Every structure is written in C-alpha cells, then in structure tokens.
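# Remarks on the overall topology
This is what each chain is made of:
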Amino acid sequence: MQNHKLPSQADGIADQAIASLDDAGEQVSELTRRMVDTVRTGTHQLQDQMARVSDTTLRYIRDEPTKSLLIAAASGAALMALISLMFRARHHD
C-alpha cells in the first residue's frame, strides 16, 4: 500500500515545488520592475539636475565672462600642476 502513496506524494511535492518556483519568479519579476523604475526615476532626476547646473553655469558665464575665464584658467593650471606632480612621482618610483 505504501508503494501506491509514493507517486501521489511525489506529485504533491512536485506541484508544491512548481508553485514555489512560480511565486519566486513573480517576485523576481516584480523586484526587477521596481528596480528598473527606480533607475529610470533616478536617471530623469539626474538629467534634470544636470540641465539646471548647465543653465546656471551658462548664465554665470554670460553675466561674468572675465571671472569665468579666470576661474577656468586657474582650474586648468591647478589640474596641470596636479597631473605633473603625479607624473613625476610615478617616474621617481
């Protein structure tokens, strides 16, 4: 009699396993959808923020061209000095 129960028990276990896998698949799909939505929202927010920064920068350059040029020159000089120091340090090792 026990031999007759084994196939039905195996079928029940298989059905439970399939149901669990289906649930897990749905949960993964939902989590993936949420993650994509979150990334999409973050991307839109970042694009909006970059547009505002760009507009502000262009407005400052238009309103203060001399200061903007001096800031750009000083930034470039500082960057070149930093690169030069890094280059020398790398060649001394």
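For the structure, see preceding data.
From a predicted model like this one, the values you see are computed outputs, not experimental measurements.

On to the overall build of the chain, then. When helices and strands are counted, the chain shows two helices and zero strands. Computed over C-alpha atoms, the radius of gyration of the chain comes to 31 Å, more than 25% over the 12 Å expected from 2.2 N^0.38 for 93 residues, which places it beyond the range of a compact globule. Projected onto the principal axes, the alpha-carbon positions of the chain cover approximately 95 × 45 × 5 Å. Per-residue burial over the chain gives 1% buried out of 93 residues.

Now for the pattern of salt bridges. Scanning the entire structure with this criterion turns up three salt bridges. Across the salt bridge formed by Glu-30 and Arg-34, the nearest N and O atoms sit 3.4 Å from each other. Of the two residues, Glu-30 and Arg-34 both sit in helix α1 (residues 2-63), four residues apart, roughly one turn of that helix. In this structure Glu-30 comes out as partly exposed when scored by relative accessible area, which is 31%. With relative accessibility at 51%, the residue Arg-34 sits in the exposed group. Between Asp-37 and Arg-40 there is a salt bridge; the shortest N-O distance is 3.3 Å. In this pair, Asp-37 and Arg-40 are both assigned in helix α1, three residues apart and thus about one turn of the helix distant.

The rules behind these values
Residues numbered from 1 in each chain as written. Predicted model: local features only at pLDDT ≥ 70, side-chain atom pairs only at ≥ 80, totals over all residues. Heavy atoms only, no water. Helix = DSSP H or I, 4+ residues; strand = E, 2+ residues; numbered from the N terminus. Rg over C-alpha atoms; globule rule 2.2 N^0.38 Å. Buried < 20%, exposed > 50% of the residue type's maximum accessible area, 1.4 Å probe, protein only. Salt bridge = Lys/Arg side-chain N within 4 Å of Asp/Glu carboxyl O.

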